[in-house]
Amino acid sequence: MSRIYNFCAGPAAMPLEVLEEAQRDLVDYKGSGMSIMEMSHRGKEYDAVHNEAGDNIRKLLKLPDNYGVIFMTGGATAQFSLVPMNLLPAGQSADYTNTGSWGAKATKEAKQFGQINVIANTEKDFPVRLPEVASLKFTPGAAYVHLTSNETIAGTQWKSFPTTAAPLVCDMSSDILSRPIDVTQFGLLYAGAQKNLGPSGVTLVVIRKDLAEKVNEKCPMFFRYKTHLDENSLHNTPPCFAIYMLMLCTRWLLKLGGVDAIAQINKAKAAKIYTALDVSGFYKATAVKEFRSDMNVTFRLPTEALEEQFVKEASAKGMKQLKGHRSVGGIRASIYNAFPVAGVDALVAFMKEFEQKNG
Ligand SMILES: Cc1ncc(COP(=O)(O)O)c(C=O)c1O
């Protein structure tokens with residue numbers, strides 16, 4: 001078997017032991033004679049998986065009882081619509097921060113449903129950055145405030161979150177469970193699973209329960225958070241296999257020591273690459289220091305031709321998917337929870353070698 005170092009921004013690397021366990025159980029799940037993909041989502045084997053997945057999320061995020069966990073489909077993109085459909089009553093407005101490609105998409109979609117106040121716009125700033133928390137001016141009476149905790153393409157990450165009178169809604173797709181957060185600061189969190197939680201196909205929503213009650217009357221039943229909350233995400237057939245994988249990934253994280261433990265590892269991994277960038281006159285980090293993401297490290301080389309050569313040579317050495325997003329170019333190393341420290345060390349060594357040859 002040969003596994004490469006996979007720097008993909010998502011779907012992203014998963015823990016090897018999780019993949020191996022899934023492989024062992026794929027054909028005959030725990031002596032049932034069936035795959036987890038083949039059995040009823042209302043049977044006892046799947047029920048245990050489903051409930052453990054939810055319980056693991058509760059433990060990892062230290063959720064108080066007044067927060068619910070929902071597993072949905074449609075990715076974070078569906079949440080761009082579902083959030084305003086559920087939480088933006090007619091005649092009210094919502095505050096959005098446009099901080100990059102994902103913040104912009106969330107904002108654009110929300111505008112279809114009502115009045116949106118863009119209270120910060122750093123989308124086009126370069127070097128890439130985020131708004132200062134203290135500078136944010138919230139709209140009195142806004143139904144909620146939306147932000148994107150980690151801009152996956154730009155490589156920026158909010159290091160602290162504002163305290164808001166209106167519920168804070170956050171797209172945490174690319175840094176959920178990567179560092180401790182105080183969940184009570186938020187009304188709703190959502191994240192597509194395919195970076196830090198497991199495979200694509202399932203979306204995690206964590207919601208303060210009272211917010212689910214305020215649903216817009218015109219919202220179709222299936223698109224209401226309340227429907228899925230009340231029915232433990234079993235209103236219809238859930239994405240069973242993706243939830244099973246999420247359960248294994250969250251079990252893996254709990255075994256490792258939970259969010260506090262992985263946050264230390266993540267910080268150390270990111271610091272190794274940022275230090276290599278900062279001591280070099282050849283590479284240039286694209287994000288302003290205080291907003292640098294620990295999940296997606298973005299940087300440039302002196303020319304696009306050198307960037308192309310860098311990606312090609314790294315790939316030949318088993319370091320794959322380092323090319324920056326097509327909309328911004330450059331290099332992006334995505335180093336989520338499951339990405340191994342050894343892969344970061346290999347990248348840093350390669351960066352030095354490449355600079356010596358080409359700098
Ligand atoms: C921050 C962020 N939000 C939203 C999305 C879109 O997620 P999905 O493809 O699950 O809809 C992504 C995907 O990379 C993302 O990084």
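A brief report on the enclosed structure follows. (Residues numbered from 1 in each chain as written. Predicted model: local features only at pLDDT ≥ 70, side-chain atom pairs only at ≥ 80, totals over all residues. Heavy atoms only, no water.)

A look at the pairing of strand 8 (residues 168-171)
Phase 1: Both faces of strand 8 are covered, namely the face carrying Leu168 and Cys170 and the face carrying Val169 and Asp171.
Phase 2: With four bridges joining them, strand 5 (residues 145-148) and strand 8 adopt parallel strand pairing. Counted as the bridge partner of Leu147 is Cys170 from strand 8.
Phase 3: One ladder, built from three bridges, connects strand 8 with strand 9 (residues 188-192); its direction is parallel. Within strand 9, the residue paired with Asp171 across the bridge is Tyr190. (Buried < 20%, exposed > 50% of the residue type's maximum accessible area, 1.4 Å probe, protein only. Helix = DSSP H or I, 4+ residues; strand = E, 2+ residues; numbered from the N terminus. Pairing = 2+ DSSP bridges.)

Describing unusual backbone geometry
Phase 1: With an omega dihedral of -5°, the bond running from Gly10 to Pro11 counts as a cis peptide bond.
Phase 2: Its place among the elements puts Pro11 in the loop between strand 1 (5-6) and helix 1 (16-25).
Phase 3: Even without being a glycine, Lys30 presents a positive backbone phi close to 45°.
Phase 4: Mapping Lys30 onto the fold places it in the loop between helix 1 and helix 2 (44-61).
Phase 5: Even without being glycine, Asn232 reaches a positive phi, approximately 50°.
Phase 6: Mapping Asn232 onto the fold places it in the loop between helix 6 (225-230) and helix 7 (240-256).
Phase 7: Residue Asn232 is classed as partly exposed on the basis of its relative accessible area, which comes to 36%.

Some remarks on the sheet that holds strand 8
Phase 1: Here seven strands make up an open sheet; going across it, the order is 2-10-9-8-5-3-4 and the pairing mixed. Both outer strands of the open sheet, strand 2 (67-72) and strand 4 (115-121), are each paired with one neighbouring strand and no more. The sheet shows a mean angle of 20° between the axes of neighbouring strands, taken without regard to direction.
Phase 2: Along the sheet face, helix 2 touches strand 2, strand 9 and strand 10 (203-208) and points at about 130° away from the line of strand 2. (Axes fitted to C-alpha atoms, helices over the stretch in contact; angles between N-to-C directions. Contact = heavy atoms within 4.5 Å.)

What about the nonpolar core?
Phase 1: Counting residues in hydrophobic clusters, the biggest one holds 55 residues, and the most contacted among them are Ile57, Phe71, Leu177, Leu189, Leu197 and Tyr244.
Phase 2: With 11 residues, helix 7 is the largest single contributor of residues to this core.
Phase 3: Apart from residues lying up to four places away in sequence, Ile57 is in contact with Leu63, Val69, Phe71, Leu177, Leu197, Leu204, Val206, Leu246 and Thr250. (Core = buried A, V, L, I, M, F, W, Y, C linked by side-chain atoms within 4.5 Å.)

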